[in-house]
Amino acid sequence: ERPEFQIKVFAERPDGRVMAEPLELLVMVGDKNDNKPIFSQTEYHVVITEHATQGTEIIKVQTTDADDPNTEHVNISYKIVSQTPESPEPLFQVNQKSGAIILEAESLEKAASQYTLKLTAVDLGGKEEGLSSSCTIIVDVVDENNKPPVFSINKFGPFHIPEDAKVGLLVTTITASDEDKPSTDGWFVDYTIGSGNEEETFRLLTDRQTNEASLILQKTLDYEHVQEYVLVLSARNVEALVGGVYGPESTATVSIQVENVNEMPILPKSHYEVTVSEEEQAGQILLKIQAIDPDSTIRYSLKGDTKNYFTIDEDTGEIKTVQVLDREEDSTYTMEVVAEDRENASLLSSAVVTVHIQ
């Protein structure tokens, strides 16, 4: 269609003679506002960090209008008609003329992870009688790891553990809180034991669901070796920290007291053998038994010496002959030596003693 037409009008007599000069008419075709503005996309996806500054341009939408570009029919006005989820104050704003959407809020920290904006474009400069269309803008707010994990308390314990505790024992559960978005690398905490665990007596097991760490006993304790452990723990994020530092609140100590348990005496051998001449005089020292008990003193005794050939010093463990031995009567004599804890008689160990008489 042509926007204008030129028409020549002639006046002639019936015989064809021209009565006057031709008249030229210019007919202008007025544009009707019959085309609505069209967005280049019906849905836009954009990403913005939670610490973007106020006034940051998020996206600039574009529309086209097939009406006459020299008329108000293509004067487009943009407007945000809804935001989901809603907020007490507008988070986003659109430039009515350019279609640029900017961040209105000072910060998106603690905001939702995603917002859906409905945007309209109205021609005739936004007048009520203007034609309109709409589009959807989905804004993903990306969490930045700017909050370090912190312990609510920086000292745990003391925890009292007997030295005979089983390997695998749960000593305690440690928790450091993190204000970043849950279940992200900026929220997950790596717990480590910085010092106090040089022999790797303990280990940490982290639960990714709860972000807690369990302190587990992984080696046998020995009160005589170590009576107390002071473990220095640190909490760090999996993702690098942005715009922050790990302070004292990200470090804690765990105090563990090892409790002494009265252990039974230990004999280094289960069987002792000794050879003695039948000519030996009574009172001869045949053997000295030495049991090990780090907790208390030991009482020694003999069992099975039915003929009372021998005696044992209950303090030193020295076994002596009581009388002269006779090889013709007994060439081999067997008995049992018992090492007993003086503080708890139920704690004892024994060994066989065989005496060969020559």
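Scroll up to find the structure.
Everything numeric here is computed off the predicted structure, so don't read it as measured data.

Turning to the nonpolar core, a few remarks are in order. Residues F92, I101, L119 and I137 are the most contacted members of the largest nonpolar core, which totals 25 residues. Residues within four places of L119 in sequence aside, it is in contact with F39, V61, Y78, K79, I80, V94, I101, S133, S134, C135 and I137. Grouped together as the second largest cluster of nonpolar side chains are 24 residues, I161, A165, I174 and V258 included.

Here we take up the sheet that holds strand β25 (residues 332-341). Here four strands make up an open sheet; going across it, the order is β20-β26-β25-β22 and the pairing mixed. For this open sheet the edge positions go to β20 (271-276) and β22 (298-303), each flanked by a neighbour on one side alone. Neighbour-to-neighbour, the strand axes of this sheet turn through a mean angle of 25°, independent of strand direction. Strand direction decides the pairing type here: β25 and strand β26 (residues 348-357), joined by nine bridges, are antiparallel. Residue pairing in the sheet places E336 in a bridge with V352 of β26.

Right, let's get into the pairing of strand β11 (residues 132-142). Direction of pairing for strand β4 (residues 43-49) relative to β11: parallel, over a ladder of seven bridges. Paired with E43 across the strands is T136, a residue of β11.

Evaluation of the coordinates by the stated rule reveals 10 salt bridges. A salt bridge links K110 to E179, with the shortest nitrogen-to-oxygen separation between them at 3.8 Å. Note that K110 is positioned in the loop between β9 (100-103) and β10 (114-122) and E179 in the loop between β14 (170-177) and β15 (189-195), a separation of 69 residues in sequence. A relative accessible area of 67% places K110 in the exposed class. The salt bridge involving R208 is made with D190; its shortest N-O contact spans 3.1 Å. Remark: D190 occurs in strand β15 and R208 occurs in the loop between β16 (202-207) and β17 (212-217); sequence separation between them is 18 residues. Residue R208 is classed as partly exposed on the basis of its relative accessible area of 33%.

The sheet contact formed by β14 and β17 spans five bridges and is antiparallel. Within β17, the residue paired with L170 across the bridge is I216. Once β16 ends, the chain turns through four residues before running back antiparallel as β17, passing N211 with a positive phi of about 65°.

Each aromatic ring pair is summarised here by two numbers: the centre-to-centre distance and the angle between the ring planes. The final tally for this structure, using the stated rule, is nine aromatic pairs. Taking the centre distance of 6.3 Å and the plane angle of 55° together, the rings of F39 and Y78 count as tilted. Highlighted residues: F39 in strand β3 (residues 38-39) and Y78 in strand β7 (residues 77-84), separated in sequence by 39 residues. Taken individually, F39 and Y78 each receive the classification buried, so the pair is uniform in this respect. Seen in terms of ring centroids, F202 and Y229 are 5.1 Å apart; in terms of plane orientation they differ by 85°. Their pairing is edge-to-face.

Reading the values: the criteria
Residues numbered from 1 in each chain as written. Predicted model: local features only at pLDDT ≥ 70, side-chain atom pairs only at ≥ 80, totals over all residues. Heavy atoms only, no water. Core = buried A, V, L, I, M, F, W, Y, C linked by side-chain atoms within 4.5 Å. Buried < 20%, exposed > 50% of the residue type's maximum accessible area, 1.4 Å probe, protein only. Contact = heavy atoms within 4.5 Å. Pairing = 2+ DSSP bridges. Helix = DSSP H or I, 4+ residues; strand = E, 2+ residues; numbered from the N terminus. Axes fitted to C-alpha atoms, helices over the stretch in contact; angles between N-to-C directions. Salt bridge = Lys/Arg side-chain N within 4 Å of Asp/Glu carboxyl O. Phe/Tyr/Trp six-rings, centres within 6.5 Å; stacked < 30°, edge-to-face > 60°.

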